[in-house]
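The chain contents come next:
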Amino acid sequence: MLEIKNASKIYGEGSAQVVALNNVSLEAGKGGFISIMGPSGSGKSTLLSIIGGLERLSSGEVFLDGMRIDNLSEDAFVNIRRGKISYVFQQYYLLPSLTALENVTLPLTFERHSGHSERALELLKRVGLERRIHHKPGELSGGEQQRVAIARALVTAPSLILADEPTGNMDKKTGDEIMSLFNDLNQEGHTIIMVTHNPEIARHTREIVVLQDGQIVERIRCEGRGNQL
Amino acid sequence: MKLYQIVLKDIMRRKRRVLYAALGVVIGTMTVVGVLTIAFAGENRIYGQLEKYGANLTIIPAISRIDTKVGNLSLGTLSIGENYISESYLPKIREIADGEIRTALNIKDNEPISIIAPKLYVNAEVRGISLVVTGIQSQDELSIKTWWQVREGEFLKTDNQAVVGALTAELLKLKVGDGIPLNKSVLVVSGILEETGSSEDYQVMVPLATLQKAYNKEGLISSVEIRALCNACPVELIALALNQNIPGIKALAVKQIANTEMDLVQKVNRLMLSLAGITLVIGVFGVVNTMMTSVHERTRDIGIMRAVGASRWQIIQVFMYEALVIGVIGGVLGYLAGTLLAYGIGPLIFESASISYIPQFIPLSLGIAVAVAAVATVYPALRATRIRIAEAFRSL
Ligand SMILES: Nc1ncnc2c1ncn2[C@@H]1O[C@H](COP(=O)(O)OP(=O)(O)O)[C@@H](O)[C@H]1O
Ligand SMILES: [Mg+2]
């Protein structure tokens, strides 16, 4: 469903140039669960940004379900974000003035599905927050905020979820809870690409891609969950 | 949940910033409402003065003066026509004046409408000082000179009384009860008028018939003042009809006098309005400034909205809803502040103008305020659409 061909990303100009991605090719099938690992600055976030249309490629191509998306205009990409690709970030990025339920409903508001708070409610139950729906982000713990963010990512029923270090800000126990949530989602058929530093977490995924200096240096298939790296 | 609900919730979180932006709108609308309220009072004062002028029409004898010359030798000035109007024209004058008003305002009944006050001027010498003695019909005269006030004593009651203008009384050291010799007869001062600032301060008012008799001018008057008791009365038409139908007189519409003063007031009003316009523009810049800060502060939130599927147009809408709220708040506050401003400085601009608040300016004020806020939001909103998600999140 996702195919990246010879993707390169160069930031800056002249002597300040940084090659963040260097000729990366990668594909993910439907129902895939890829974790991207590598040292800090190796280009992991850049790779997710390229897929999610947050950054423009310097060269190369990205296809989603057979459609080229890397050259879409800003306005055309809006439709990709409304149902094909969702993001989950390390910093959650919830709107502080809205409750958990309103934050989860937000993507539907932009799609003008104004009546769909039942689906949002369902998803908040799904992530175990049915007792927190009227709380604002400031009144929730990090783990709870990330669950809200995950519920929000799911509300448009996306085919691909991009998560950049979603457990990066959490203690081990909370991180494990979030990981098992991602695992369940993957079991239900969501395609997930996740950046992580943590091998413990990566081994729960189906495939590990290791980046270094903007290049893929290793791809490891994990046969079934629970495999050791 | 609707987009505007999201905006409202966000505004509740940033009340101070929104109020601050509204302040820029308030300054502009306040000035406009204030100026308009003052301007309104200024024009009303003129209308009030029109009322106070009393007469809408003056009738004087039609006298043409011709300088007669033979070659370079002047033979003096020849006056053609009478110096007086015959009293017998008064019924005709009333008939014409009331008739014109009836036609113009579509009035059916035959009650008298206008007040007609004839008077006779005579130059007389009183206690060695030459002054003008005016013969009046006291009821009619008082109906026109509504602002006359008797300082001491009372107004004319009987045939042998006189009322003295404030300055004349001072000049001649006259008191109530003093006698004024007038040709063959002697009149008693019945009252002294309050100073009015116009020519009657120098006059002595006596009953018309008494003056006519004393100076052998029975049946003669010098002028007639007419007050048509309505603002919409066709004074020019009345003047025209009088001039056409009664020989030997000249009827003038007094409105023309007020018109020049109205011109001045309107010039002042235009000046004030252009100042208000400048304040509006300054207000716009103020709001632009606050809105730009707001865009900056909300970079992260804008990034979040874009990331979960907001289009650029929806980001513009978010800011336009906010502009609407700012406009409504600014419009209401601007109306209140503008009205207060008018009460405060109005009397300094148009002396003796009585300021009153004008509820019809509320929608005007709201309209201006919303327009100002919307115009000021266009550029910041466009800037907000240029925020890219990646940058928004990196800026933290
Ligand atoms: N907006 C940017 N401008 C310039 N350089 C950038 C920008 N974003 C990332 N980089 C650089 O690109 C490289 C890869 O960054 P990133 O993808 O964030 O790495 P990772 O997520 O693996 O830590 C780093 O050297 C980083 O400094
Ligand atoms: Mg990163």
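Residues numbered from 1 in each chain as written. Chains lettered and ligands numbered in written order. Predicted model: local features only at pLDDT ≥ 70, side-chain atom pairs only at ≥ 80, totals over all residues. Heavy atoms only, no water.

## Some thoughts on the overall build of chain B
Each helix and strand counted, chain B has 12 helices and 14 strands in total. In chain B, buried positions account for 47% of the 396 residues. Here the analysis covers contacts within chain B between residues at least 6 apart in sequence; of these, 76% occur between residues at least 24 apart. About 19900 Å² of surface is accessible on chain B, with carbon and sulfur atoms providing 59% of the total. (Helix = DSSP H or I, 4+ residues; strand = E, 2+ residues; numbered from the N terminus. Buried < 20%, exposed > 50% of the residue type's maximum accessible area, 1.4 Å probe, protein only. Contact = heavy atoms within 4.5 Å. Areas by Shrake-Rupley, 256 points an atom, 1.4 Å probe, with all protein chains shown as cover.)

## Quick word on the sheet that holds strand 5 (residues 67-68) of chain A
All names here are of chain A. Read from one edge of the open sheet, 4 strands run 2-1-4-5, paired in antiparallel fashion. Both edges of this open sheet fall to strand 2 (18-28) and strand 5, since each of them pairs with a single strand only. Relative to strand 4 (residues 59-64), strand 1 (residues 2-11) runs antiparallel, the two being bridged by 5 bridges. Within the sheet, the bridge partner assigned to Leu-2 lies in strand 4 and is Leu-64. (Pairing = 2+ DSSP bridges.)

## Comments concerning the packing of helix 5 (residues 142-154) of chain A against helix 6 (residues 172-187) of chain A
Residue and element names in this part refer to chain A. Their axes nearest at 10 Å, the elements helix 5 and helix 6 cross at an angle of 15°. Here helix 5 is positioned roughly parallel relative to helix 6, judged by the angle of their axes. Seen from above, helix 5 lies across helix 6 with right-handed handedness. Residues Gly-143, Gln-146, Arg-147, Ile-150 and Leu-154 of helix 5 touch helix 6, and the partners they reach there are Thr-174, Glu-177, Ile-178, Leu-181, Phe-182 and Leu-185. Tallied by class, the residues present in the contact of helix 5 with helix 6 amount to 6 nonpolar, 3 polar and 2 charged. (Axes fitted to C-alpha atoms, helices over the stretch in contact; angles between N-to-C directions. Parallel < 35°, antiparallel > 145°, perpendicular 65-115°, else oblique. Left-handed = near helix turned anticlockwise from the far one by under 90°. Nonpolar A, V, L, I, M, F, W, Y, C, P; charged D, E, K, R; others polar.)

## Brief notes about unusual backbone geometry
Residue and element names in this part refer to chain A. Here the phi dihedral of Tyr-93 falls at roughly 50°; this positive angle occurs in a residue that is not glycine. Relative to the helices and strands, Tyr-93 resides in the loop between strand 6 (85-88) and helix 3 (100-110). Despite not being glycine, Asp-213 shows a phi value in the positive range, around 50°. Tracing the backbone shows Asp-213 in the loop between strand 9 (207-212) and strand 10 (215-221).

## Remarks on the site of ligand 1
The local shell around ligand 1 consists of Tyr-11, Val-18, Ala-20, Pro-39, Ser-40, Gly-41, Ser-42, Gly-43, Lys-44, Ser-45 and Thr-46 of chain A together with Arg-394 of chain B. With respect to ligand 1, its neighbouring residues span chains A and B. Ser-42 of chain A places a main-chain nitrogen or oxygen 3.2 Å from an oxygen atom of ligand 1. The contact in question runs from an oxygen atom of ligand 1 to an N or O atom on the side chain of Thr-46 of chain A, over 2.5 Å. Looking at the shell around ligand 1, the elements that each hand over two or more residues are strand 2 and helix 1 (44-51) of chain A. If you tally residues by element for the shell around ligand 1, the top one is helix 1 of chain A, at 3 residues. Residue classes in the shell around ligand 1 are distributed as 4 nonpolar, 6 polar and 2 charged. (Near = heavy atom within 4 Å. Polar contact = N/O pair within 3.5 Å; in protein donor to acceptor, adjacent residues only side chain to side chain.)

## Focus on the domain arrangement of chain B
As assigned here, chain B comprises domain 1 (3-49 + 260-394) and domain 2 (86-231). Computed from C-alpha atoms alone, the centre-to-centre distance between domain 1 of chain B and domain 2 of chain B is 56 Å. (Domains from an automatic or database assignment.)

## Focus on the interface of chain A and chain B
Contacts between chain A and chain B engage 25 residues on the former and 26 residues on the latter. Summed over the shared surface of chain A and chain B, the result is 5 salt bridges. On inspection of chain A and its partner chain B, the count reaches 12 residue pairs in polar contact (both at pLDDT 80 or more). Breaking the side of chain A that touches chain B down by element, the ones donating at least two residues are helix 2 (74-81) and helix 3 of chain A. Per-element tally for the side of chain A that touches chain B: the top contributor is helix 3 of chain A, with 6 residues. Of the residues that constitute the side of chain A that touches chain B, the class distribution is 12 nonpolar, 4 polar and 9 charged. (Salt bridge = Lys/Arg side-chain N within 4 Å of Asp/Glu carboxyl O.)

## Quick notes on the confidence of the model for chain B
In this model, chain B carries an average pLDDT of 86, and 90% of its residues clear a pLDDT of 70 or more. For this predicted complex, the interface score ipTM comes out at 0.93, while the overall pTM is 0.73. (pLDDT = per-residue confidence, 0-100.)

## Topic: the side chain of Thr-377 of chain B
Of note, Thr-377 of chain B is situated in helix 11 (residues 361-385). Dropping the residues within four chain positions of it, Thr-377 of chain B is found in contact with Met-291, Phe-319, Met-320 and Ala-323 of chain B.

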